[in-house]
Amino acid sequence: MPAVQVVRGRRLAELSAPEFEALLARHRSLAVDVGTGDGRFAYGLARQHPDRLVVGLDTARDRMREISWRAQRKPSRGGLPNLLLVWASVEQPPPELRGRADEVHVVLPWGRLLAGLVLASPAVLDGIRELAAPGASVHLVLGADVWSDPIPTEVRDLPEVTVEHAHRVLAPAYRERGLALVEARQLEPDEIAGLRSSWARRLAGGRLRPRFVSLRALACG
Ligand SMILES: C[S@@+](CC[C@H](N)C(=O)[O-])C[C@H]1O[C@@H](n2cnc3c(N)ncnc32)[C@H](O)[C@@H]1O
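Along each chain, residue indices are assigned from 1 in the same order as the chain's sequence is written. Local features in a predicted model are, by the rule used here, given only for residues with pLDDT of at least 70; side-chain atom pairs are given and counted only at 80 or more, and totals for whole chains, interfaces and linings are based on all residues. Only heavy atoms go into the side-chain values, all of them from the structure, while hydrogens and water stay out.

Asker: Kindly report on the overall build of the protein, identifying the contributing residues and their values.
Answerer: Where helices and strands are cited, they refer to DSSP runs of H or I of at least four residues and of E of at least two residues respectively, numbered from the N terminus. For the protein, the count of helices and strands is eight helices and nine strands. Radius of gyration means the value over C-alpha atoms here, while the globule rule gives 2.2 Å times the residue count to the 0.38 power. Computed over its C-alpha atoms, the radius of gyration of the protein comes to 17 Å, within 12% of the 17 Å expected for a compact globule of 221 residues. If you line up the protein on its principal axes, its C-alpha atoms span 45 × 40 × 30 Å. Throughout, exposure labels follow a simple rule: accessible area from a 1.4 Å probe, protein chains only, divided by the maximum for the residue type, with under 20% read as buried, over 50% as exposed, and the rest as partly exposed. Burial status across the protein gives 50% buried among its 221 residues. His is not counted here, nor are the chain ends, while Lys and Arg score as positive and Asp and Glu score as negative. By convention, the charge on Lys lies at NZ, on Arg at CZ, on Asp at CG and on Glu at CD. Each charge class in the protein can be summarised by its mean position, and for the 31 positive and 26 negative side chains these summaries are 7 Å apart.

Structure follows, in structure tokens:
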């Protein structure tokens, strides 16, 4: 029987479909942060919206350990009962989450996740679309400075994502996978500062003005 693989410090706990359903029923809605990394962005979202269930999802289990541990503490000590860090890939999201999120985020993806978004690969876009309920908002933030010298080997063969490329190439390709692009633009410095992502903080610390491209899409019904 499938179950949601939840990171709890060093342990991995399994949440059955009825257990996940019961948890979700106690919340107004579900937001999923795909490629959550250490989970800081998801933690911030969960703290800001205690009535929403927030799931951070990543293939790298160990990175989620610290924040998953913090989320389990008493609320007075930073605990957040509305945050789950889940060990899974975007290509195979847990069935329990499918079609349930009214908000899906991807902040500064890397590896297969970045390549899939940039190349509009069905495996990655279908995973995101599967998580989203019809009409859900999908927000992607891509770090455009990776295409400046020295370009990392992982990115060398990927087309550079600019606002123009997003409108011309990604919009029609995303549409085919059930995601309608509604906005593509560069983020302003104050928006980058407000991202509450560890990776954003790291990049913003290294450059005076990092270039982040923000893509917003709606999941088609
Ligand atoms: C650069 S980190 C960004 C982490 C976080 N979003 C942040 O802003 O700090 C990219 C993350 O994407 C995750 N990732 C890469 N491919 C993935 C996939 N196929 N499914 C889920 N997560 C993936 C990596 O494990 C990594 O944690």
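Here the narrative resumes.
Asker: Please set out the site of the ligand residue by residue, giving values where relevant.
Answerer: Taken together, 18 residues form the shell around the ligand, and within it G35, D58, R63, V107 and S197 come nearest. Polar contact is the term for a pair of N or O atoms within 3.5 Å; when the atoms are in protein, one must be able to donate a hydrogen and the other to accept it, and sequence-neighboring residues count only if both atoms are side-chain atoms. The contact in question runs from a nitrogen atom of the ligand to an N or O atom on the backbone of V90, over 3.0 Å. Within the backbone of W199, an N or O atom sits 3.0 Å from an oxygen atom of the ligand. Contact with the protein chains covers 93% of the free accessible surface of the ligand, which is 600 Å². Going through the elements one at a time, α4 (111-118) and α8 (198-206) are the ones with two or more residues in the shell around the ligand. A molecule or strand has a residue near it when one of that residue's heavy atoms lies within 4 Å. Per-residue and other accessible areas follow the Shrake-Rupley method at a 1.4 Å probe size, with only the shown protein chains counted as cover for residues.

Asker: Tell me about the environment of I192, and name the residues and values.
Answerer: Structurally, I192 can be placed in helix α7 (residues 189-193). With 19 residues separating them along the chain, I192 and R211 place their C-alpha atoms 9.1 Å apart. Should any heavy atoms of two residues lie within 4.5 Å, those residues are counted as being in contact. Those residues in contact with I192, other than ones at most four positions away along the chain, are L187, A204, P210 and F212.

Asker: Break down α4 for me, citing the residues and quoting the values.
Answerer: Given 3.6 residues per helical turn, the α-helix brings residues three or four places apart onto the same face. Residues L113, L114, G116, L117 and V118 constitute the buried set of α4. Summarising the contacts, the buried residues of α4 are in contact with β3 (29-34), β6 (101-107), α5 (122-131), β7 (132-143) and α6 (163-176). Taken from the residues just after α4, A120 is the one with a positive phi, measuring 55°.

Asker: Requested: an account of the packing of aromatic side chains, with residues and values cited.
Answerer: Pairing of aromatic side chains requires ring centres within 6.5 Å, counting the rings of Phe and Tyr and the six-membered ring of Trp. Pairs whose planes differ by under 30 degrees are stacked, by over 60 edge-to-face, and all others tilted. Per the counting criterion, the structure on display carries zero aromatic pairs. Only lysine NZ and arginine CZ atoms are considered, and such an atom sits over a ring when it is within 6 Å of the ring centre and within 35 degrees of the ring normal. Seen from the ring of W87, R61 lies directly overhead, with NZ or CZ sitting 5.3 Å from the centre. Just above the ring of Y43 sits the side chain of R70; from NZ or CZ to the centre is 5.1 Å.

Asker: An account of helix α1 (residues 17-25) is needed here, citing residue identities and associated values.
Answerer: Those residues of α1 that sit buried are F20, L23 and L24. Viewed along the axis of α1, the buried residues span an arc of 100°, placing them on a single side of the element. Relative to its buried face, α1 has exposed residues pointing more than 90 degrees away, namely P18 and A25. Turning to α1, the residues buried within the fold contact β1 (3-8), β2 (11-16), β3, β4 (52-58) and β5 (83-87). The arc under discussion is defined with respect to the helix axis, by the directions toward the C-beta atoms.

Asker: Could you give an account of the pairing of strand β9 (residues 212-219), naming the residues involved and the relevant values?
Answerer: Taking burial as the measure, the eight residues of β9 include six buried ones, the bulk of the element. Criterion used throughout: strands pair if DSSP finds at least two bridges between them. Pairing analysis gives seven bridges linking β7 to β9, with the strands arranged antiparallel. Residue V141 lies in a different strand from β9, and its bridge partner there is S214. In this structure, strand β8 (residues 179-186) lies alongside β9, joined through seven bridges in antiparallel fashion.

Asker: Explain unusual backbone geometry to me, and be specific about the residues and the numbers.
Answerer: In this chain, D149 is followed by P150 through a cis amide linkage whose omega measures -5°. Along the polypeptide, P150 turns up in the loop between β7 and α6. A positive phi is found at A120, a non-glycine position, where the angle reads about 55°. Within the secondary structure layout, A120 lies in the loop between α4 and α5. The exposure class of A120 is buried, given its relative accessible area of 12%. Even without being glycine, R196 reaches a positive phi, approximately 55°. With respect to the helices and strands, R196 occurs in the loop between α7 and α8.

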